[in-house]
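Architecture and fold: a report
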Amino acid sequence: MAGRINDDDVKAVRDAVPIDSVVSEYLQLRSAGGGNLKGLCPFHDEKSPSFQVSPSKGLFHCFGCQEGGDTIAFVMKIDHLSFSETVERLAAKAGITLRYEEGGYNPSHQRGERIRLIEAHQAAAEFYVRALESPEAEIGRKFLAERGFDQEAAAHFRVGYSPAGWDHLTRYLRGKGFSDKELITSGLSQDGRRGPIDRFRGRLMWPISDTAGDVVGFGARKLRDDDNGPKYLNTPETPIYKKSQVLYGIDLAKKDIAKASRAVVVEGYTDVMACHLAGVTTAIATCGTAFGNDHIKILRRLLMDNGSARVIFTFDGDSAGQKAALRAFEDDQKFAAETYIAIAPDGMDPCDLRLVKGDDAVRDLVEPRTPLFEFALRQIVGRYDLETPAGRAAALDEAAAVVAKIKTSSVQREVAVQLAGFVGILDQEFVVRRVAQLARWARDKGEGRGGDGRGGRGPGLQDRRGGAPQQSAQAYPAPAGPTASSGPALHLRSPAHRTERELLKLALQKPALVCPAFDAYGVDEFTAPPYAAVRRCIEEAGGAERGLGDSREYLVAVMDAAPDDTVRNLVTELAVEVFHGKTIDENYAGVQLVQVRLRAVDRRIDDVQSSLARLGSNVAPHELAAAQNEVWVLQQYAQSLRARGADAL
């Protein structure tokens, strides 16, 4: 087996791949001030961005869920990779050849499973693209041409063709060094009577990529009448492909989605192609499943839920399309973005619309016209006879229950007023009260079940304001294990804790301002156990003086010295958090150094005097003299600190 990756190569990878470029493949980042960037955390649900990235330090930290670390840690967590798999993946991105301590270059068969499966899909995508040029694939080229897609369009979307034989791709990938087990696991092959055979045969192929741009699956459209399979056949669930967690076209659309704060959700691969070619480059589609929670999470991270964000759904005008729209509305409240629906008057999908009426018609289609809530309510109300009192009452009962799910009270009231107009009830306040009553009932019922997240509090045990649960900074858990020290939990209203926090931030972010004084501070000068643990990590990493050289290497060493994830996450938090002061200079650093030392001196004076008071006349004369002398010395030092500041350190 290959040994561990050379430490110098790991450092080279960490330095070569900017953390902001990696993170921005998964979520939108905006300026957070102080050179930092912020976005919606990909590791927990939240309404406002608490996830920060520091490009200069190569670190990320979420102040909501406390996840943090460097580029390697981010990729490991978000893509569920091992350390070596992550380093190999980032090395490939940076063009770095890795060395291994025992065995030189790592042979391909020893690479991590995810990387191997992605490499197999990449090879398959290239194979399918070349196959589209073959004589056999004429039927596929004709299919594309009939829908308005030329050779250039096919190449842009990497559309390919799977040969009709039993094992063309399987034999090709075997020749590339992939094992039968890998081919079966990838979903590219399936078990046959005499071994693996191709899963996709005689079909037009669309590669499905994740947000990072890696091909993780395929969508295959049948072309021949003698193909007894379904019209569309997708990759089965595999270690790298979960249909509820992928969106076709997201790799092509993500930058424009983030830039325009708009996403267009269509129903099929050809609809995505048509939209992009018509200039609607924010179009994406689900892959053989309904639009759901995981899809929403992907879009929210790109849209960042700002006030102008919009999501436009385009569904066929038939009953199936209307049902899809109603399902989408059920999840509408999980967006902070405004949601709309776009249905062509003649019910055509974007692909047909472009073919018949041109690019302008596609662009016009996705201009927001009808809010999704309005469409959903009109669909419900339209099923009843509104000419009769009974029909209006029944329509109100069903539609009001839908409006009651809206969590923001002001929006709920506004929609309730519109519902009154849809139903034809003149007393708008009656409808508003009815909706509010249903909302209270649902909330009370949810609380009665013990707050299981399905009732009034909403998904994810959100609080009443709709925000994600936050870990309180006032109750940060003390680090476990022998390195933990006893003492009070963090309380950021405490001046002592605030100052200790600022001093640690200076030691991690701007060590030149606190060296060499900081390295003479003892762990016991930090009263909060988590801060004492971080001070110990800095000490074990070689002290803040080490940060005067390579700042990234220094921070990595501090994190490596952490005894557990709790302390490690606090290190990243302190390394990216902004300072409280407006001007961060030697004067500011001196104030923090003096305050921490002064409080430590005052505590020692109190301890000695309390000890003497408890002992009273039982203390030996020489011990009494030594204690009194210590108190006098400490008092003189404290006086000097107050008078001269950092010069007295």
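Residues numbered from 1 in each chain as written. Predicted model: local features only at pLDDT ≥ 70, side-chain atom pairs only at ≥ 80, totals over all residues. Heavy atoms only, no water.

**Details of the packing of helix H5 (residues 113–131) against helix H8 (residues 168–175)**
For the pair H5 and H8, the least separation of the axes is 10 Å and the interaxial angle reads 130 degrees. The orientation of H5 with respect to H8, classified from their angle, is oblique. Crossing geometry of H5 relative to H8 is assigned as right-handed. Only His168, Leu169, Tyr172 and Leu173 of H8 make contact with H5, whose side of the interface consists of Ala120, Ala123, Ala124, Phe127, Tyr128 and Arg130. Class assignment of the residues belonging to the contact of H5 with H8 gives a composition of eight nonpolar, one polar and one charged. (Axes fitted to C-alpha atoms, helices over the stretch in contact; angles between N-to-C directions. Helix = DSSP H or I, 4+ residues; strand = E, 2+ residues; numbered from the N terminus. Parallel < 35°, antiparallel > 145°, perpendicular 65-115°, else oblique. Left-handed = near helix turned anticlockwise from the far one by under 90°. Contact = heavy atoms within 4.5 Å. Nonpolar A, V, L, I, M, F, W, Y, C, P; charged D, E, K, R; others polar.)

**Things to note about the sheet that holds strand S14 (residues 310–314)**
Through backbone hydrogen bonds, the strands of a sheet pair up, either in parallel or in antiparallel fashion. The strand order across the open sheet formed by five strands is S13-S12-S14-S15-S16, and the pairing between neighbours is mixed. Taken across any chain shown, the strands that pair with only one partner, and hence form the sheet edges, are strand S13 (283–285) and strand S16 (370–371). In the sheet, strand S12 (residues 262–266) pairs with S14 via four bridges, with the strands oriented parallel. Residue pairing for S14: arginine 262 is matched across the bridge by arginine 310. This element, helix H10 (residues 250–260), spans S12 and S13 of the sheet and lies at about 130 degrees to S13. Along the sheet face, helix H12 (residues 293–303) touches S12, S13 and S14 and points at about 155 degrees away from the line of S12. (Pairing = 2+ DSSP bridges.)

**Thoughts on the sheet that holds strand S9 (residues 203–209)**
Here we have four strands laid out as an open sheet, ordered S6-S9-S10-S11, and antiparallel in their pairing. Only two strands of the sheet have a single partner each, and these edge strands are strand S6 (160–162) and strand S11 (232–234). Each strand axis lies, on average, 35 degrees off the axis of its neighbour in the sheet, ignoring direction. Strand direction decides the pairing type here: strand S10 (residues 215–222) and S11, joined by three bridges, are antiparallel. Following the sheet pairing, arginine 221 is matched in S11 by tyrosine 232. Sheet strands touched by H5: S6, S9 and S10. Its angle to S10, the strand with the most contacts, is close to 35 degrees. Its contacts with the sheet place helix H6 (residues 138–146) against S9 and S10, and it is angled at close to 70 degrees to S9.

**Re the packing of helix H4 (residues 83–94) against H5**
At a closest axis distance of 8 Å, the pairing of H4 and H5 adopts a crossing angle of 40 degrees. The angle between the axes of H4 and H5 places the two elements in the oblique class. For the pair H4 and H5, contact is made by Glu85, Glu88 and Arg89 and by Glu113, Arg114 and Ile115, respectively. Looking at the contact of H4 with H5, its residues break down into one nonpolar, no polar and five charged.

**Digging into the nonpolar core**
The nonpolar side chains of a soluble globular protein tend to be buried with one another. Core analysis: the largest hydrophobic core is formed by 45 residues, its most contacted members being Leu144, Val159, Leu204, Trp206 and Tyr248. The dominant element in this core, judged by the number of residues it contributes, is helix H11 (residues 269–277), at five residues. Setting aside anything within four residues of it in sequence, one finds valine 159 in contact with Val129, Leu132, Leu144, Ala154, Leu204, Met205, Trp206 and Met273. Of all hydrophobic cores here, the second largest spans 40 residues; its members include Leu506, Val514, Cys537 and Leu555. (Core = buried A, V, L, I, M, F, W, Y, C linked by side-chain atoms within 4.5 Å. Buried < 20%, exposed > 50% of the residue type's maximum accessible area, 1.4 Å probe, protein only.)

**Overview of the pairing of S10**
Among the eight residues of S10, seven are classified as buried, and the element is accordingly described as predominantly covered. Pairing of S9 with S10, which is carried by seven bridges, proceeds in the antiparallel orientation. Bridge assignment links arginine 203 to a residue of S10, and that residue is lysine 222. Two successive antiparallel strands, S9 and S10, enclose a turn made up of five residues, where glycine 213 displays a positive phi of approximately 95 degrees.

**Looking at the pattern of salt bridges**
Summed over all chains, the structure comprises 32 salt bridges. A salt bridge links aspartate 227 to arginine 203, with the shortest nitrogen-to-oxygen separation between them at 3.1 Å. Separated by 24 residues along the polypeptide, aspartate 227 in the loop between S10 and S11 and arginine 203 in strand S9 bring together distant segments of the chain. Classification of aspartate 227 by relative accessible area gives buried; the value is 16%. On the basis of relative accessibility, which here comes to 3%, the residue arginine 203 falls in the buried class. With a closest N to O distance of 3.0 Å, lysine 505 and glutamate 577 form a salt bridge. Taken as a pair, lysine 505 in helix H20 (residues 495–509) and glutamate 577 in the loop between helix H23 (565–576) and helix H24 (586–615) lie far apart in primary sequence, 72 residues in all. Grouping residues by exposure puts lysine 505 and glutamate 577 together as buried. Each of the salt bridges in this network shares a partner with another, and the network as a whole consists of Arg501, Glu502, Lys505, Glu573 and Glu577. (Salt bridge = Lys/Arg side-chain N within 4 Å of Asp/Glu carboxyl O.)

**Section: the confidence of the model for the protein**
Counting all residues, the mean pLDDT for the protein is 83, and 87% of those residues have values of 70 or more. The model gives residues 104–110 a pLDDT under 50, and that stretch makes twelve contacts with residues more than four places away or in other chains. For residues 447–489, every residue scores under 50 in pLDDT, and the model assigns this stretch 79 contacts once sequence neighbours within four places are set aside. (pLDDT = per-residue confidence, 0-100.)

**Here we look at the side chain of asparagine 6**
One can find asparagine 6 in the segment before helix H1 (7–16). Using a relative accessible area of 15% as the deciding quantity, one classes asparagine 6 as buried. Within polar-contact distance, the side chain of asparagine 6 engages the backbone nitrogen of aspartate 8 at 2.8 Å. Apart from the residues lying within four places of it in its own chain, the contact partners of asparagine 6 are Arg99, Tyr100 and Glu101. (Polar contact = N/O pair within 3.5 Å; in protein donor to acceptor, adjacent residues only side chain to side chain.)

**Description of helix H22 (residues 551–560)**
What sets the pattern is the α-helix's 3.6 residues per turn: residues three or four places apart point alike. Buried residues dominate H22, accounting for seven of its ten residues. Taken as a whole, H22 has its buried residues at Arg552, Tyr554, Leu555, Val556, Ala557, Val558 and Met559. In the core, the buried residues of H22 are packed alongside H1, strand S4 (59–62), strand S5 (68–70), H20, helix H21 (529–540) and H23. Its side-chain oxygen 3.0 Å from the backbone nitrogen of arginine 552, aspartate 550 forms the N-cap of H22.

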